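So the chains spell out like this:
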Amino acid sequence: MEIMSLIWSILVFLIVLTAIITIHELGHYLLAKRAGILVHEFSIGMGPVLYQKKKGESFYSVRAIPLGGYVSMSGENGDHALIKEGQYVGLNLNEIGLVKEIILDQTIPNPYITGEVLSFDLYGENLAELFIELRCDDGEVHRFQVMRDARYRYGKKKEIQITPEESSFSSKSLWDRFLVIFCGPLMNFLLALIILFIVALVQGKPLENNIVDTSFNDQLLPGDQIVAINGVETSNIHEIRAELNKVNSNKVLMEIFRDGALLEDPVEVYVVVIMQNIGIVNTRDVATRDTLMIGGIGGKAKAAGLEPGDVITHINGVSVSNWDEVITLARNYNAATIEITADRDGQTIEASYDVLDDMTLNAIGETRISITMGIDLGRVFDFVYLFTYPVTQFADSVSQMIATLGLLFNPSSSVGVGDLAGPVGIFSLVSNAASGGLMNLLVFVAFLSVNIGLFNLLPIPALDGGRLIFLGYEAITRRKVPAKVELWVNNAFFFLLMGLFIYVTFNDVTRLIP
C-alpha cells in the first residue's frame, strides 16, 4: 500500500511540475509564432525523444524525463550558423540547383556534392541571397545558392532548419522580443489565477459564523455552535480565532449549543497547536494526545534529527511533562537556537537547531503559535468571491515570494540558502498537498506556478529576467549586447544555477534521511 502511495505521489508531482513548466514554455512559443520567429522544437519533458512529430517548420516532442520542457527558437543565442570556414560538409540540391540540405554528418550516404567550406552567408541580412562557397573534392571552387528554408542534417533522422534573418529571434523588434520572453512567466501567473478561480467556484466562500459544518475533531459535531471559549463569548470565526490565539495548552474549554440546547458542562476540546518558531506540532490522536508525542515537524527540526512520533522529554536540558509547558515556552521563546531531547522507542534523540525568529515569521505572514480545531464552518456560493479570491491569493503568493527572497539576502534573518527546496523538497510539498484533497492540491499548484513565474523574472542571466535586463540595456543605449557576450554570461550563470540546484537537492535528500 505504501508503494502504491509513493507511486501515486511521484505521478502527481511529475504531472504538476511538467504542467507548470509546459504552460510557461507555451507562453514563449505562442508569442514567438506571433512574431514570426522560427521555432525549431517545442518539447514536453527533457532527455531522449519518446515521440516526435513535425508540423510545418517545427518539431513537437515528448521526451523521456518528465521534468519541464523547452522551446528552441532560431537565433535566440546568436547561433545563426552551424558551420564554419574550413569545415567539410555535404550538400543536397533541389531540381533547380539550390541547396536544400547541408549534411553535417559524414556517415549519411550519397550527398550530391561534398567539399570544404570557404565562405558562406546563411543569415541573409535584408533578404540578401544565402550562399555557400565550397572547394569541392575535385579541387574546383563552386558557389551554391541556399534556400531560405534549407535544413542542416546532423543524423539519419535528425535535422534543423537554417536561421535566416527574417525568422531569427535576434532580428525582431525590442517589443516583440520582450513579449516573447515575458509571456513565459505571464502564463504561469494566468494559470494560477485560473486555478484559483476554479477553486473559488467549486468550494465557495467560507462562512464566518460559529456553527460547525464539518468536523474532524471527535469532540465537536456538525451543527454544534461554539458560543464561548474558556469563558469568553464567541459569535463568529474571528472571535474564535482571537481566543484560540491566547491559548497556551493543547485543549480548551468550549461552551457548545447542541441540538437546540446549551450543554450543561463545557466541553474540553483538544486542538492542534502549530509552534511555527520551533517547528513542532502536537498530535490530536486519542491514544497519544495527552503525551508529548510530536505529531508534525518543521524543516529545521527534521534536519536536526527529530521525527513525528518522537516523545519530547527535555527542552534546553530542562524536563518537560505536558504540552502546556512546551506551548508556553514556544510562545515566549527568544533564543536563537533550541535543544530538544526526545525518546524514540526507548532511544534518546538529541536535536539542536535554529528557531525561526519573529522577523522571519512576520515576513512570511506567520506567527509563533497557530491553533486549529479540525473543523470547517461551511461555504456558500458568492459571485464577487469568484474574482476577489484569485486576486488576493495571487497577491499573497507574490508577497510571500518577495518576503522570502528578502530573508535570503538578509544576514540577520534565520532563513538561508540551505532552507530552499529543490525538486525533492517540492515533491514532498506536492505529496503533502495532495494528501489534503484535490482543492488543497490545486491551491498549492497555483502557489507553485506563481513562484516559478516570479523566479524566472529574477534579474539573473540564464533566466527570463536576466534576458529582460539585456533588453533594458538595449532600450536605454540603443545598442545590443554582443551575442557572444550575452551567450557567455548566460552560460556562466547557468552553471552557477546548476551548482545551486545540486546543493539544494542534496539538502533536500539529507532532510529526508533520518
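K.L.:
Residues and numbers for the overall build of the chain, please.
P.N.:
Of regular secondary structure, the chain possesses 11 helices and 25 strands. In terms of C-alpha radius of gyration, the chain reaches 30 Å, well past the compact-globule figure of 24 Å for 514 residues. Over its C-alpha atoms, taken along the principal directions, the chain stretches across nearly 105 × 55 × 50 Å. Counting across all 514 residues of the chain, residues that qualify as buried make up 43%. In the chain, the share of contacts with a sequence separation of at least 24, taken over all contacts with a separation of at least 6, comes to 61%. Of the roughly 26,600 Å² of accessible surface on the chain, 61% is carried by carbon and sulfur atoms. Taken together, the 37 basic and 57 acidic charged side chains of the chain have centroids lying 10 Å from each other.

K.L.:
So what's going on with the packing of helix α2 (residues 174–203) against helix α10 (residues 464–477)? Which residues, and what values?
P.N.:
α10 packs onto α2 with a crossing angle of 160 degrees between their chain directions and a minimal axis gap of 10 Å. Taken together, α2 and α10 sit at an angle that is classed as roughly antiparallel. Pair α2 / α10 crosses with left-handed handedness. Of the residues in α10, those touching α2 at Leu174, Arg177, Phe178, Ile181, Phe182 and Pro185 are Asp464, Arg467, Leu468, Leu471, Glu474 and Ala475. Partitioning the contact of α2 with α10 into residue classes produces 8 nonpolar, no polar and 4 charged.

K.L.:
Just give me the short version of unusual backbone geometry, but keep the residues and values in it.
P.N.:
Glycine aside, residues mostly have negative phi, and peptide bonds are mostly found in the trans state. Positive phi, close to 60 degrees, is recorded for asparagine 110, a residue that is not glycine. Within the secondary structure layout, asparagine 110 lies in the loop between β4 (99–103) and β5 (113–121). Overall, the relative accessible area of 71% leaves asparagine 110 in the exposed class. For leucine 127, which is not a glycine, the phi torsion comes out positive at approximately 60 degrees. Secondary-structure assignment places leucine 127 in the loop between β5 and β6 (131–136).

K.L.:
I'd like a description of the packing of aromatic side chains, backed by residues and values.
P.N.:
Enumeration over the complete set of coordinates arrives at 10 aromatic pairs. In textbook terms, an aromatic cluster arises when at least three aromatic residues are bridged by ring pairs, as seen for Tyr29, Phe42 and Tyr60. Across the ring face of phenylalanine 131, the terminal group of arginine 143 is positioned such that the distance to the ring centre comes to 3.7 Å. Just above the ring of tyrosine 270 sits the side chain of arginine 289; from NZ or CZ to the centre is 4.0 Å.

K.L.:
Tell me about α2, and name the residues and values.
P.N.:
With 30 residues, α2 should reach 44 Å at 1.5 Å per residue; the first-to-last C-alpha distance of 43 Å fits that figure. Along α2, the sharpest kink reaches roughly 40 degrees, centred on cysteine 183 and followed within four residues by the proline proline 185. Note on α2: the residue one or two positions beyond its end, glycine 204, has a positive phi of about 85 degrees.

K.L.:
Give me the layout of surface pockets: which residues, what numbers.
P.N.:
A volume near 320 Å³ is recorded for the second largest pocket. Residue lining of the second largest pocket: 21 residues in total, with Ser170, Arg177, Val481, Ala483 and Glu486 positioned closest to the centre. Counting only elements with at least two residues in the lining of the second largest pocket, the list comes to α2, α10 and α11 (483–512). When grouped by side-chain class, the residues that make up the lining of the second largest pocket number 9 nonpolar, 6 polar and 6 charged.

K.L.:
I'd love a proper account of a nonpolar patch on the surface, names of residues and values included.
P.N.:
Among the surface-exposed residues, Leu186, Leu190, Ile194, Ile198, Leu201, Val202, Phe381, Phe383, Val384 and Phe387 lie close enough to one another that they form a single nonpolar patch of about 960 Å² accessible area. At the level of secondary structure, the elements contributing two or more residues to the nonpolar patch comprise α2 and α7 (383–408). Here the nonpolar patch gets 6 residues from one element, more than from any other, and that element is α2. Tracing the sequence through the fold places phenylalanine 387 in helix α7.

K.L.:
Could you give an account of the sheet that holds strand β18 (residues 294–297), with specific residues and numbers?
P.N.:
Sheet architecture is open: 4 strands sit in the order β18-β17-β16-β23, paired in antiparallel fashion. Each edge of the sheet is formed by a strand with only one pairing partner; in this case those strands are β18 and β23 (369–372). Each neighbouring strand pair of the sheet contributes to a mean axis angle of 20 degrees, computed without reference to strand direction. The sheet contact formed by strand β16 (residues 272–275) and β23 spans 4 bridges and is antiparallel. Within the sheet, the bridge partner assigned to valine 273 lies in β23 and is isoleucine 371. Where helix α5 (residues 323–331) meets the sheet, it contacts β16, β17 (280–282) and β23, and its direction lies at approximately 35 degrees from that of β16.

K.L.:
Could you give me a rundown of the nonpolar core, with the residues and numbers involved?
P.N.:
Nonpolar side chains tend toward joint burial in soluble globular proteins. Core analysis: the biggest nonpolar cluster contains 41 residues, and Met254, Met275, Ile280, Leu306, Ile312 and Tyr353 have the highest contact counts within it. It is α5 that provides the largest number of residues to this core, a total of 4 residues. Residue contacts for methionine 254: discarding those within four places in its chain leaves Leu220, Ile226, Ala228, Ile229, Pro266, Val267, Val269 and Met373. Listed in part, the 27 residues of the second largest apolar core include Phe13, Val16, Ile452 and Leu454.

The rules behind each value
Residues numbered from 1 in each chain as written. Predicted model: local features only at pLDDT ≥ 70, side-chain atom pairs only at ≥ 80, totals over all residues. Heavy atoms only, no water. Helix = DSSP H or I, 4+ residues; strand = E, 2+ residues; numbered from the N terminus. Rg over C-alpha atoms; globule rule 2.2 N^0.38 Å. Buried < 20%, exposed > 50% of the residue type's maximum accessible area, 1.4 Å probe, protein only. Contact = heavy atoms within 4.5 Å. Areas by Shrake-Rupley, 256 points an atom, 1.4 Å probe, with all protein chains shown as cover. Lys, Arg positive; Asp, Glu negative; His and termini not counted. Charge placed at Lys NZ, Arg CZ, Asp CG, Glu CD. Axes fitted to C-alpha atoms, helices over the stretch in contact; angles between N-to-C directions. Parallel < 35°, antiparallel > 145°, perpendicular 65-115°, else oblique. Left-handed = near helix turned anticlockwise from the far one by under 90°. Nonpolar A, V, L, I, M, F, W, Y, C, P; charged D, E, K, R; others polar. Phe/Tyr/Trp six-rings, centres within 6.5 Å; stacked < 30°, edge-to-face > 60°. Lys NZ or Arg CZ within 6 Å of the ring centre and 35° of its normal. Expected span 1.5 Å × (residues − 1). Bend = angle between axes of the 7 residues up to and from the residue. 1 Å grid on protein atoms, 1.4 Å probe; cavity = no way out; pocket = protein on both sides within 12 Å on 5 of 7 lines; lining within 4 Å. Points joined across faces, edges and corners; volume = space filled by probe spheres on them. Patch = residues over 30% accessible without salt bridge, like charges linked within 9 Å, V, L, I, M, F, W, Y side chains within 5 Å. Salt bridge = Lys/Arg side-chain N within 4 Å of Asp/Glu carboxyl O. Pairing = 2+ DSSP bridges. Core = buried A, V, L, I, M, F, W, Y, C linked by side-chain atoms within 4.5 Å.

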